[in-house]
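# Fold and contact review
For reference, the chains in residue letters:
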Amino acid sequence: LKDCIGNLRDAEDQRLNNVFRQLISGITNQGYQDPQTIVDRLRQSQRNWLVYRDDYCWFRFSTAEGGTIGGLLQLDCECTLTRDKADHLKDDLEAK
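Predicted model, so just to flag it, every value in this text is computed and none were measured.

Turning our eyes to something else, we now look at the environment of glycine 67. With respect to the helices and strands, glycine 67 occurs in the loop between helix 2 (35-62) and helix 3 (69-95). Separated by 26 residues in sequence, glycine 67 and arginine 41 place their C-alpha atoms 39 Å apart.

Further remarks concern the packing of aromatic side chains. Considering all chains together, one arrives at two aromatic pairs under this definition. Here the aromatic rings of tyrosine 52 and tyrosine 56 are separated by 5.9 Å at their centres, their planes lie at 15°, and the arrangement is stacked. Of this pair, tyrosine 52 and tyrosine 56 are both found in helix 2, four residues apart, which corresponds to roughly one turn of the helix. By relative accessible area, tyrosine 56 is classed as partly exposed at 33%.

This brings us to the pattern of salt bridges. It is possible for side chains bearing opposite charge to pair when their charged atoms get close. One pass over the structure, following the stated rule, counts seven salt bridges. Across the pair arginine 15 and aspartate 87 runs a salt bridge whose closest N-O atoms are separated by 2.7 Å. Of this pair, arginine 15 sits in helix 1 (residues 2-28) while aspartate 87 sits in helix 3; the two residues are 72 residues apart in sequence, bridging distant segments of the chain. Glutamate 94 serves as the salt-bridge partner of lysine 90, at 3.0 Å between the closest nitrogen and oxygen.

A few words on the nonpolar core. In terms of nonpolar packing, the biggest core is built from 14 residues, with Leu42 and Leu89 touching the most fellow members. Elements that contribute at least two residues to this core include exactly helix 1, helix 2 and helix 3. For this core, the element with the most residues is helix 1, which contributes six residues. Each residue touching leucine 89, except ones within four places of it in the same chain, is listed here: Leu16, Val19, Phe20, Leu23 and Gln46.

Turning to the packing of helix 1 against helix 2, a few remarks are in order. Axis separation between helix 1 and helix 2 bottoms out at 9 Å; the angle between their running directions is 160°. In terms of orientation, helix 1 lies roughly antiparallel with respect to helix 2. Handedness of the helix 1/helix 2 crossing: right-handed. The segment helix 1 lies against helix 2, with Asp13, Leu16, Phe20, Leu23, Ile24, Ile27 and Thr28 engaging Pro35, Ile38, Val39, Leu42, Arg43, Gln46, Trp49 and Arg53. Among the residues forming the contact of helix 1 with helix 2, the class breakdown is ten nonpolar, two polar and three charged.

All chains considered together, the criterion is met by one disulfide. Paired through a disulfide, cysteine 57 and cysteine 77 show a sulfur-sulfur distance of 2.2 Å. Every disulfide takes its handedness from the sign of the S-S torsion; for cysteine 57 and cysteine 77 that torsion is -75°, giving left-handed. Here cysteine 57, found in helix 2, pairs with cysteine 77, found in helix 3; they are 20 residues apart in sequence, far enough to count as distant. Taken as a pair, cysteine 57 and cysteine 77 share a single burial class, namely buried.

About the thresholds
Residues numbered from 1 in each chain as written. Predicted model: local features only at pLDDT ≥ 70, side-chain atom pairs only at ≥ 80, totals over all residues. Heavy atoms only, no water. Helix = DSSP H or I, 4+ residues; strand = E, 2+ residues; numbered from the N terminus. Phe/Tyr/Trp six-rings, centres within 6.5 Å; stacked < 30°, edge-to-face > 60°. Buried < 20%, exposed > 50% of the residue type's maximum accessible area, 1.4 Å probe, protein only. Salt bridge = Lys/Arg side-chain N within 4 Å of Asp/Glu carboxyl O. Core = buried A, V, L, I, M, F, W, Y, C linked by side-chain atoms within 4.5 Å. Contact = heavy atoms within 4.5 Å. Axes fitted to C-alpha atoms, helices over the stretch in contact; angles between N-to-C directions. Parallel < 35°, antiparallel > 145°, perpendicular 65-115°, else oblique. Left-handed = near helix turned anticlockwise from the far one by under 90°. Nonpolar A, V, L, I, M, F, W, Y, C, P; charged D, E, K, R; others polar. Disulfide = S-S within 2.5 Å.

Written as structure tokens, this is what we have:
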């Protein structure tokens, strides 16, 4: 079960990276007055989000107090939050 959820998380992480790259490319090629600042801020927000995701999912793990379910809770949390973030960035990409 852990491998299965881990594979799902990895697939969502790859999807997130692909959508993120597409969004960066779209911003760069869109003709904005200052695309580098927009890209820099987007990258920083993504770094901040990754810290949030990892910390929040660690919290989910820690509430299991070392039980075997803890690792599953953490992976499921990472998978869910990553999927949701990829969906949000895809919405931003399509709105451009």
